[in-house]
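Secondary and tertiary structure notes
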Amino acid sequence: MSDRQRFKNKVVIVTGAAQGIGRGIALQVAAEGAHMVMADRSEYVEDVLVEINKTGGDAITVNADLETLAGAQAVVAKAIEHYNRVDILINNVGGAIWMKPFQAFSEEEIIKEVHRSLFPTLWCCRAVLPEMIKNQKGTIVNVSSIATCGIHRVPYSASKGGVNGLTTALAFEHAKDGIRVNAVATGGTEAPPRKVPRNTTALTENEKQWMQDVVDQTIDRTFMGRYGSIQEQVNAILFLASDESSYMTGTIVPVGGGDQG
Ligand SMILES: NC(=O)c1ccc[n+]([C@@H]2O[C@H](COP(=O)([O-])OP(=O)(O)OC[C@H]3O[C@@H](n4cnc5c(N)ncnc54)[C@H](O)[C@@H]3O)[C@@H](O)[C@H]2O)c1
């Protein structure tokens, strides 16, 4: 348990909680007193549940594919069934699958990128909205990216641009219902090796070089000359999820060491 208890008795859904930034969000939200619903399509989310239970946190898991509306609705339904309401939704699922020049992407790859990095946020917002309108209260935080201005991942960049657009438009449309919607434009983030890889095929020499180009370009565009940590992203995401940001909505906050995205 943490000294800070910003989420005490709040029902919080965190998507993509099995690893990386999502796991970091989930551990801290639980430590700050939430009743938490961790949604992921990987069974590794159960390992995070064990960590949370060990420290006395309260959470459940839902195994769902959030690239579908049905998956998103199942997560919201489970939250309401178990905890009676949803206060906060943190949409973290996403991530570039391939890094290469746009002309090297196939039609199928472009569709997969959009399904990975736009639809889970779109579906989860759609699925939670009736509950938040009913309560006349709710907070949504979307995890976007500074890659809206970055090389070698145009389909991902376009998806995150879509996340930014839906953040602003949804905030405008539902401020009257007491619902706040904000996003963090996450910068390059140091993380341990992924248990759930984004891409299971071995990289070609060209793909390794394109990925290195992305790393170099990401660092070049920061003022601070480095990647951020998971905790630095979690800090900003949880500020937006908490009542500390009560007069903020429709805002995209860049957390990229000076890179505005
Ligand atoms: N890591 C970075 O450097 C970085 C930079 C900018 C933005 N971001 C954004 O931050 C977020 C998290 O990034 P990360 O690197 O921690 O991600 P990650 O790829 O390490 O983990 C993503 C998690 O989401 C789950 N997931 C993926 N698709 C799913 C689906 N359809 N349904 C349910 N669960 C699904 C995976 O199982 C995994 O647990 C993403 O939105 C990403 O675009 C990350």
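Attention here is on the structure that accompanies the text. (Residues numbered from 1 in each chain as written. Predicted model: local features only at pLDDT ≥ 70, side-chain atom pairs only at ≥ 80, totals over all residues. Heavy atoms only, no water.)

This part is about the pairing of strand β1 (residues 11-15). Burial runs high along β1: five of the five residues are buried. Where burial is concerned, the two faces of β1 agree: the one with Val11, Ile13 and Thr15 and the one with Val12 and Val14 are both buried. As judged from the five bridges shared by β1 and strand β2 (residues 35-40), these two strands associate in the parallel manner. Note on β2: the bridge partner recorded for Val11 is His35. Handedness of the crossover joining β1 and β2 through helix α1 (residues 20-31): right-handed. With three bridges joining them, β1 and strand β4 (residues 88-91) adopt parallel strand pairing. Within β4, the position partnered with Val12 by the bridge is Ile88. (Buried < 20%, exposed > 50% of the residue type's maximum accessible area, 1.4 Å probe, protein only. Helix = DSSP H or I, 4+ residues; strand = E, 2+ residues; numbered from the N terminus. Pairing = 2+ DSSP bridges. Right-handed = clockwise from strand over helix to strand, strands pointing away.)

Moving on to empty space enclosed by the protein. It is a probe the size of a water molecule, rolled over the atoms, that shows where empty space is left. All told, the structure shown has one cavity of 30 Å³ or more when counted by the stated rule. Put simply, the largest cavity is a space of about 60 Å³. Lining the largest cavity are Ile97, Trp98, Met99, Lys100, Asn199, Leu203, Glu207 and Met211. Considered class by class, the residues forming the lining of the largest cavity number five nonpolar, one polar and two charged. (1 Å grid on protein atoms, 1.4 Å probe; cavity = no way out; pocket = protein on both sides within 12 Å on 5 of 7 lines; lining within 4 Å. Points joined across faces, edges and corners; volume = space filled by probe spheres on them. Nonpolar A, V, L, I, M, F, W, Y, C, P; charged D, E, K, R; others polar.)

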